[in-house]
Amino acid sequence: MVPHLVSRWPVWLFRCRAAYSPGASVQQKTWAGMSRAAPWGIVGTSPLVCRHRSSTSSRAPEVMLTHKRYPVRRLPFSVVSEEDLAAFERMVPGRVITDPEELEASNVDWLRTVRGCSKVLLRPRTSEEVSRILRYCHERNLAVNPQGGNTGMVGGSVPVFDEIILSTALMNQVISFHDVSGILVCQAGCVLEELSQHVEQRDFIMPLDLGAKGSCHIGGNLATNAGGLRFLRYGSLHGNVLGMEVVLADGTILSGLTSLRKDNTGYDLKQLFIGSEGTLGVITAVSILCPPKPKAVNVAFLGCPGFAEVLQTFSCCKGMLGEILSAYEFMDAECMRLVGHHLQLARPVQESPFYVLIETSGSRAEHDAEKLSNFLEQVLDSGLVTDGTLATDQRKVKALWALRERITEALSLDGYVYKYDVSLPVERLYDLVTELRARVGPRAKHVVGYGHLGDGNLHLNVTAEAFSASLLGDLEPYVYEWTAGHQGSVSAEHGVGFKKKDILGYSKPPEALQLMQQLKALLDPKGILNPYKTLPSRA
């Protein structure tokens, strides 16, 4: 007991302790950059206590607690005590957050579909501080929820119950950048867009680019193995990450910030943590290989009369553009209508059933322009493309990319969103959208499909006025069964998180799931790191 610290911690923090039994549960959050006053709900203004309450406020209803919406039971972790808070204050002085208003945003995912009830957020600045925190939590059996920019799509970045939120927001320093090799070493809390600006000033680019780049952290990108818009050209993070520093559940610092491109000395341990979503360790720093900044970038935005033409255009694109092709994205007409309606973005070509965005990146503007011109002439003359526009200057390039990157934002403004991120053979990519649209009919406002066609990655989204268990029952497990039946993956790039943990069996055999459970038990025997996520629930 530390008497002089008692007044720091609000009384409500301890009042909830009795409410948590092994059968208790939790709720939801927002994305940086999105308005809190979103039309489909907002977190309540009163403290995040562990009970479900109705609101008589004029504000929109708060997001439903996760345990009210999903069948999940709290595991027998300890509950944060006054003594724990005093200990955390000694570890990270002035960076222990208990104010419910400050915690509000960190408890809800940006899609506003899950909400936790954490009452403590810690903001370390160094790996050593993370180590001390985890060592203490391991000894006390306190569950921890690592959190970066909180832009995830599957509920992996917010608590399910009262887990301590461990934020990497203050771990935002660039450690080094080598101008010859293009190797960047930085802390995990660096925002992707800021890293992009840092390396672009030195004539390099980050190997990944995401719509959420203004908010997402590089550590979170690694933890979820984010794909994004440059995957077609530069591949996955498994190939671009050279080393990382990770703090294990017991506080052990696994130091591996190598800048070597070749290191064949035993198991490549960093690969375990890429895509582990904070369940095996907390990533605190990373060494990543950045490609040279292209000297010539062109973006073409094209209209196609059907999905068959989208596929044929892609084949033609690969054959004629070859090494300079860096992105091939598609979106359907419904996506274009939504970005126009909700975001007032103008359609740059005549109305079409499908649209394609093609980006080229090369070293010689004249060479690239000639190849692109020949390609556009070919697809227009053959009828694969009915209309198109080309951008070469940065302002117009960004304007065309905004039509693709801001689809998620437009969908969020359309109502409650059921989101699916699947991989499929490209020839069947849009069939799922067509069949689902017929299946749900007028019960959904919109059923749309868009994504990274070059990677076989479909973003299937269904919007409705509000959450409906009946509509969800029509969507799941149908979407997963359809995907598995066509040899696809139920998660292409968004990860597993909380929402998809019990559907891994559609994409992974029992032997693989058992091995994953064994790795978790080995590295986190008490299960304190991001519980209720990534791995299937045990009976």
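Above this text sits the structure in question.
Residues numbered from 1 in each chain as written. Predicted model: local features only at pLDDT ≥ 70, side-chain atom pairs only at ≥ 80, totals over all residues. Heavy atoms only, no water.

A. Representation of the overall build of the chain. Counting its regular elements, the chain contains 19 helices and 16 strands. Per-residue burial over the chain gives 58% buried out of 539 residues. Total accessible area on the chain is roughly 22000 Å²; 52% of this is exposed by carbon and sulfur atoms. (Helix = DSSP H or I, 4+ residues; strand = E, 2+ residues; numbered from the N terminus. Buried < 20%, exposed > 50% of the residue type's maximum accessible area, 1.4 Å probe, protein only. Areas by Shrake-Rupley, 256 points an atom, 1.4 Å probe, with all protein chains shown as cover.)

B. Spatial organisation of the sheet that holds strand S15 (residues 446-452). The strand order S13-S10-S12-S11-S15-S16-S14 describes an open sheet built from 7 strands, whose pairing is antiparallel. Strand pairing shows two members of the sheet lacking a second neighbour, strand S13 (387-391) and strand S14 (416-423), which therefore form its edges. Between one strand axis and the next, the sheet turns by 15° as a mean value, whatever way the strands run. Relative to S15, strand S11 (residues 325-332) runs antiparallel, the two being bridged by 3 bridges. Residue Glu 329 lies in a different strand from S15, and its bridge partner there is His 452. Along the sheet, helix H12 (residues 333-343) contacts strand S10 (296-304), S11, strand S12 (354-362) and S15; its crossing angle with S15, the most-contacted strand, is approximately 100°. Each of S10, S11, S12, S13, S15 and strand S16 (457-464) is contacted by helix H14 (residues 394-405), which is oriented at about 45° to S10, the strand it contacts most. (Pairing = 2+ DSSP bridges. Axes fitted to C-alpha atoms, helices over the stretch in contact; angles between N-to-C directions. Contact = heavy atoms within 4.5 Å.)

C. Local environment of the sheet that holds strand S6 (residues 183-187). Read across the sheet, 5 strands follow the order S5-S6-S9-S7-S8 without closing on themselves; strand pairing throughout is antiparallel. Only two strands of the sheet have a single neighbouring strand rather than two, namely strand S5 (174-177) and strand S8 (253-256). Between one strand axis and the next, the sheet turns by 15° as a mean value, whatever way the strands run. With 5 bridges connecting them, S6 and strand S9 (residues 282-289) associate as antiparallel partners. Paired with Gln 187 across the two strands is Ala 285, which belongs to S9. Packed on one face of the sheet, helix H5 (residues 127-140) meets strand S7 (241-247), S8 and S9 and runs near 45° to S7.

D. The arrangement of the environment of Leu 411 in detail. By the secondary structure assignment, Leu 411 is in helix H15 (residues 407-412). Between the C-alpha atoms of Leu 411 and Val 448, which are 37 residues apart in sequence, the distance is 9.3 Å. When near neighbours in sequence (up to four residues on either side) are disregarded, Leu 411 contacts Leu 338, Val 417, Lys 419, Val 448, Tyr 450, Asn 461 and Thr 463.

E. Focus on the packing of aromatic side chains. Within this structure, the stated rule accounts for 16 aromatic pairs. Arranged with centres 5.4 Å apart and planes meeting at 70°, the rings of Phe 88 and Tyr 136 form a pair that is edge-to-face. Of this pair, Phe 88 sits in helix H3 (residues 82-91) while Tyr 136 is found in helix H5, placing the two residues 48 residues apart along the sequence. Three or more aromatic residues joined by ring pairs make a cluster, and in this case those are Phe 307, Phe 330, Phe 354 and Tyr 430. For the cation-ring pair, Arg 69 lies above Phe 467, with the distance from its terminal atom to the ring centre recorded as 4.3 Å. Above the ring of Tyr 478, the side-chain terminus of Arg 439 is found at 4.2 Å from the ring centroid. (Phe/Tyr/Trp six-rings, centres within 6.5 Å; stacked < 30°, edge-to-face > 60°. Lys NZ or Arg CZ within 6 Å of the ring centre and 35° of its normal.)

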